[in-house]
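Examining the three-dimensional arrangement
Each chain, written out:
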Amino acid sequence: MFRSYFTAAAIALAATSTVRVGAAVVEKSLRGRNADTVASAIKKHQHRVLQEEEEFTFLIADIQYEDGFTATSRKLQGNSGNKNPNRPERTMNVQDAEGMIYEIEAGSGDTAGTSSGSKVTLPDKASMTPGTNKINLNGGALKKKTKKEKKKRDLREDDSSTEMRRHLTAIGTKTAVAVRVIANGGAYNWKDEAGLSDDVFGTNGDAYNLKSGFEGCSHNQLIINPGGGGYSDINNGVTTINVDVNATSGNHGNMANAVTAAIKAKFGVNDPTEIADHWLYCLPPGVTTSIAYAYTNHYMSVYSNEWCNYPSSQMHELGHNFGFDHSNEGTQDYGDQSGMMGSSYSEDEGPLMCFNAAKSWQTGWFNEKRVNMNIGGSEATDNCLETDITGQADYVAVDTTQTILVKMNRASSLGRDLFLMYNKKTGVNSGTAEGGNTVMVVEAGAEGTGYAESWLMGKLGAGQSQTFAGYLGDDRDLVITVLSIGDTAQVKIEFDGLCTNTIAPTPSPCENPNQKQVSVQIATDTYPAETSWTLKKVGSCAGQADLNLSSPTYSTANAVQAAFEQCVDKGQYEFTITDAYGDGMCCSYGAGSFQVFYGDRDVFEGQSSGDFGASFTGNFGECDVPASPPPTPAPVNSTPPPTPAPVNPPTSLPTTEPTNPPSPLPTNPPSPNPTAEPTNPPPTNAPTNPPTPLPSSPPSPAPTNPPVAVAAVDKYICTKNAPLPATICADGSLAGGSCSTANAPDGCGNGGKVCWWSSCPGDGGGPPPTPTPPPPSPPTGGCPVCAATGGPCCGTCVDGGKPSSRGCFE
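Residues numbered from 1 in each chain as written. Predicted model: local features only at pLDDT ≥ 70, side-chain atom pairs only at ≥ 80, totals over all residues. Heavy atoms only, no water.

1. Examining helix α7 (residues 252-267)
The terminal C-alpha atoms of α7, which comprises 16 residues, lie 22 Å apart, in line with the 22 Å expected from a rise of 1.5 Å per residue. Within α7, 14 of the 16 residues are buried, which leaves it mostly tucked inside the rest of the structure. Directly after α7, the chain includes Gly268, whose backbone phi takes a positive value near 65 degrees. (Helix = DSSP H or I, 4+ residues; strand = E, 2+ residues; numbered from the N terminus. Expected span 1.5 Å × (residues − 1). Buried < 20%, exposed > 50% of the residue type's maximum accessible area, 1.4 Å probe, protein only.)

2. Comments concerning the pattern of salt bridges
Per the stated rule, a full pass over the model turns up 17 salt bridges. We note a salt bridge from Arg90 to Asp62, for which the minimum N-O separation is 2.7 Å. Separated by 28 residues along the polypeptide, Arg90 in strand β3 (residues 89-95) and Asp62 in strand β1 (residues 55-69) bring together distant segments of the chain. Judged by its relative accessible area of 23%, Arg90 is partly exposed. Taken together, the shared-partner salt bridges in this structure form one network comprising Asp62, Arg90, Asp325 and Glu453. (Salt bridge = Lys/Arg side-chain N within 4 Å of Asp/Glu carboxyl O.)

3. Side note on the sheet that holds strand β26 (residues 515-523)
With antiparallel pairing, 4 strands are arranged side by side in an open sheet as β29-β26-β33-β34. The outermost strands of the open sheet, each flanked by one partner alone, are β29 (564-569) and β34 (601-602). Relative to strand β33 (residues 593-598), β26 runs antiparallel, the two sharing 6 bridges. Residue Val518 lies in a different strand from β33, and its bridge partner there is Tyr598. (Pairing = 2+ DSSP bridges.)

4. Topic: the confidence of the model for the protein chain
Taken as a whole, the protein chain shows an average pLDDT of 76; of its residues, 66% reach a score of 70 or greater. Throughout residues 147-167 the model reports pLDDT below 50, and contacts reaching past four residues in sequence, or to other chains, amount to 18 contacts. (pLDDT = per-residue confidence, 0-100. Contact = heavy atoms within 4.5 Å.)

5. Points about the pairing of strand β13 (residues 278-283)
β13 sits mainly inside the fold: 6 of its 6 residues count as buried. Burial along β13 is two-sided: the residues His278, Leu280 and Cys282 and Trp279, Tyr281 and Leu283 are all buried. Across 5 bridges, the pairing between strand β9 (residues 172-184) and β13 is parallel. Pairing of Val177 across the sheet is with Trp279, part of β13. For β13 and strand β15 (residues 300-304), the ladder comprises 5 bridges, and the chain directions are parallel. Counterpart to Leu283 in the pairing with β15 is Ser304.

6. Section: unusual backbone geometry
For the bond from Gly350 to Pro351, the omega torsion is -5 degrees, close enough to zero to count as cis. Examined against the element boundaries, Pro351 turns out to sit in the loop between β16 (327-329) and α9 (357-363). The residue Asn297 is not glycine, and still its phi comes out positive at about 55 degrees. Counting through the fold element by element, Asn297 comes out in the loop between β14 (290-295) and β15. The partly exposed category is assigned to Asn297, whose relative accessible area is 24%. Non-glycine residue Ala446 carries a positive phi angle of around 60 degrees. Mapped onto the elements, Ala446 comes out in the loop between β21 (439-444) and β22 (454-460).

7. A word on helix α8 (residues 311-321)
The element α8 is extensively covered by neighbouring structure, given that 11 of its 11 residues are classed as buried. Inspection of α8 places Pro311, Ser312, Ser313, Gln314, Met315, His316, Glu317, Leu318, Gly319, His320 and Asn321 among the buried residues, and these make up the whole buried set. One or two steps after α8, the chain reaches Gly323, where phi turns positive at roughly 100 degrees.

8. Thoughts on the state of the cysteines
The final tally for this structure, using the stated rule, is 5 disulfides. In this model Cys510 forms its disulfide with Cys567; the gap between the sulfur atoms is 2.1 Å. Disulfide Cys510-Cys567: torsion about the S-S bond near -100 degrees, hence left-handed. Here Cys510, found in the loop between β25 (488-495) and β26, pairs with Cys567, found in strand β29; they are 57 residues apart in sequence, far enough to count as distant. With a relative accessible area of 26%, Cys567 lands in the partly exposed category. (Disulfide = S-S within 2.5 Å.)

9. Observations regarding the sheet that holds strand β24 (residues 478-485)
Strand order in the open sheet made by the 4 strands is β18-β25-β24-β23, with antiparallel pairing throughout. Two strands close off the open sheet at either side, each with one partner strand: β18 (384-390) and β23 (465-468). Within the sheet, the average angular offset between the axes of one strand and its neighbour, ignoring direction, is 15 degrees. In this structure, β24 lies alongside β25, joined through 7 bridges in antiparallel fashion. Directly across from Val479, in β25, lies its bridge partner Glu494. (Axes fitted to C-alpha atoms, helices over the stretch in contact; angles between N-to-C directions.)

10. Concerning the packing of aromatic side chains
Applying the stated criterion across every chain, the model contains 22 aromatic pairs. Grouped by ring-pair contacts, the aromatic residues Trp533, Phe564, Tyr573, Phe575, Phe594, Tyr598, Phe604, Phe612, Phe616 and Phe620 constitute a single cluster. Just above the ring of Trp455 sits the side chain of Arg416; from NZ or CZ to the centre is 4.3 Å. (Phe/Tyr/Trp six-rings, centres within 6.5 Å; stacked < 30°, edge-to-face > 60°. Lys NZ or Arg CZ within 6 Å of the ring centre and 35° of its normal.)

11. Points about empty space enclosed by the protein
Enumeration according to the criterion identifies 6 cavities of 30 Å³ or more in this entry. For the largest cavity, the calculated volume is near 80 Å³. Around the largest cavity, the lining residues are Lys425, Ser430, Gln521, Ile522, Ala523, Val560, Ser593, Phe594 and Gln595. Considering only residue class, the lining of the largest cavity consists of 4 nonpolar, 4 polar and 1 charged. (1 Å grid on protein atoms, 1.4 Å probe; cavity = no way out; pocket = protein on both sides within 12 Å on 5 of 7 lines; lining within 4 Å. Points joined across faces, edges and corners; volume = space filled by probe spheres on them. Nonpolar A, V, L, I, M, F, W, Y, C, P; charged D, E, K, R; others polar.)

12. Overview of the nonpolar core
Counting 47 residues, the largest nonpolar core has Phe214, Ile224, Met315, Leu318, Phe355 and Trp365 as the members making the most contacts within it. Leaving out residues up to four positions away in the same chain, Trp365 has contacts with Ala170, Ile171, Phe214, Cys217, Ser218, Gln221, Leu222, Phe355, Ser360 and Tyr395. In this structure, Tyr65, Met255, Ile263 and Tyr293 belong to the second largest nonpolar core, which totals 33 residues. (Core = buried A, V, L, I, M, F, W, Y, C linked by side-chain atoms within 4.5 Å.)

13. Observations concerning the environment of Lys134
In this fold, Lys134 is placed in strand β7 (residues 134-136). Assessed through its relative accessible area of 27%, Lys134 is described here as partly exposed. Sequence spacing of Lys134 and Ile104 is 30 residues, and the spatial spacing of their C-alpha atoms is 5.6 Å. For Lys134, the contacting residues outside a window of four places in its chain are Glu103, Glu105, Ser127, Met128 and Thr129.

Spelled out as structure tokens, the structure:
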């Protein structure tokens, strides 16, 4: 048999065939043996070829990369070494009985058909690749455990398997522990234990995190609490682990194994799941080239430094632990950005969104509110469904009339199944980054119950339909039609034209047929009063009345506001939304967003994330021919009929012409034309005297002595939010106090405050200049560069006067 452990603190080579990891066992194993002997034994052990089969647990890891970022998100991208450079690297791994995980060398053997979490044996010729945590199968194949072999397991193993399955369901109350890892030459440095606990569990008031995200999306069917409450070194679900491993690039596998061994040794357990259901390993920056990865159907997720704190990466990775695969669109992995299994975002308070239809079906959260259409079957709803679809955010447990999910099932040999939901952009789903307020159709395998990728197939608005030709492999089509969208979405799903009744579309809220309803929906950030908008008429459409609307004053932070709705004439309009501070509504201070509907159409879809800087302006609408007014009805009381023609004929014409001729024309000619010009003399000429010359003396010269300059002084202040320069000058302290380094938390305690700086007039009077950070130093230590200053960005950098990760790039 063979084992390989990677650091002196995590290696135990006993004299017997039993190998166990733990500090106490290490001491016992090394007694009477010098370091050279141990090192030689380890080296020999790592080169050894397996002589007999050994049971392992097969694990799939999805590794996510950062290949650049937009203003609102850093997209997860694939390893450029793969066939598709935009596809994430998916590695195959095995875990031994001691909890150590080894990556299988790509192409070294056959792993096909093996599901993550299943028990396997390695071929007897598998060997350890020297100096790594990788195994080479040497052309062999993994073997699944047979039923007969499974019966040989002892009771403890069977209990462990049952317990692991309990851990991995996405329903119930779970526990989690986040680990701050300190290694040789590097350490997780984004937050202290209290800050990390707040970002994962909200223990100090953080509004959006791993715990609140899953509780909101599951409607309290999945609760994740801080774990390790009975252990003195685990505080509010966070502990700090030191490992004797170098913090060098690519060493994440060795480091993760060392952390597992250290947890077992420090807390005296055989497996970390004896303490908590899920473990988040927060590694030092630069150790992994990815931003995060997790093992499917397992307890462990691994993060690169700050990505351990962002709720979207936390929910994405634990989604893998629960057995969820990625949400894709077209050929782009993570391309479906409507939910958490798509792209992750470098945002502390967002985006607020849940999971797409296939993943939501897999969670089991909506089992009582879903319809399974067995397409081509004999049940009434198999081939025709006309119903209202409720958005998942509007789930009400006691409302038995709600339908939230629909599955269009077919034999797996014919292809993947379709899943449908109304992606209503409200509440816990108000930050969905794609397809908000549309009916979304996705395709996925595994019957919607297991690990399988999904693909976004359609985003349908009111009045739109989508046809899936030959859905059962013949000439019969499946057609999905959205009849209307509002509080719910009215949907008709018809196979082979078998629907006979049709739901009447919801009538327009506007009584005048020449009007449409405009709806403005705002989700505020942490500073709601900075947000305002206007809507005005543009163009010259016939019949369009003047319009100039403005927003109410928003005062509730980080909340979806009541929609502004008004019927307006069909025509052309201009919408402008403004942020008074100039940093938009997203994403350093909350995840604000906006939507504008003209009728049923989201006119700025894809442009309304809230990350618009100072303002966003867009036009919508079109000139329309007014509907013809109905004809005027006939009057009730008609006028009397005309008088009939007289019976007697009219009097005959006179028989003779007049005897007298008309008077002759006048004999006098007309009066002559008026006189051509006036007879009075012309007006007086312009004055002959020139104007008075300008004064000959030049103005008095400026004083020769310049005003006395008042020396400026630098002042500093600790606050969470960006203060006004006047506030810094009035209340700040001179350099040398506890807060004396701009953009850094030093001297400001652990409450999330940052040190702000401004140059102020020496006498304290007059308006101070805009606060600016000190000149940046050249980047050192491999930190990213701050786009705003050109200096290093090892934590946060100032962008527009507020701390923001948007200014950092590698």
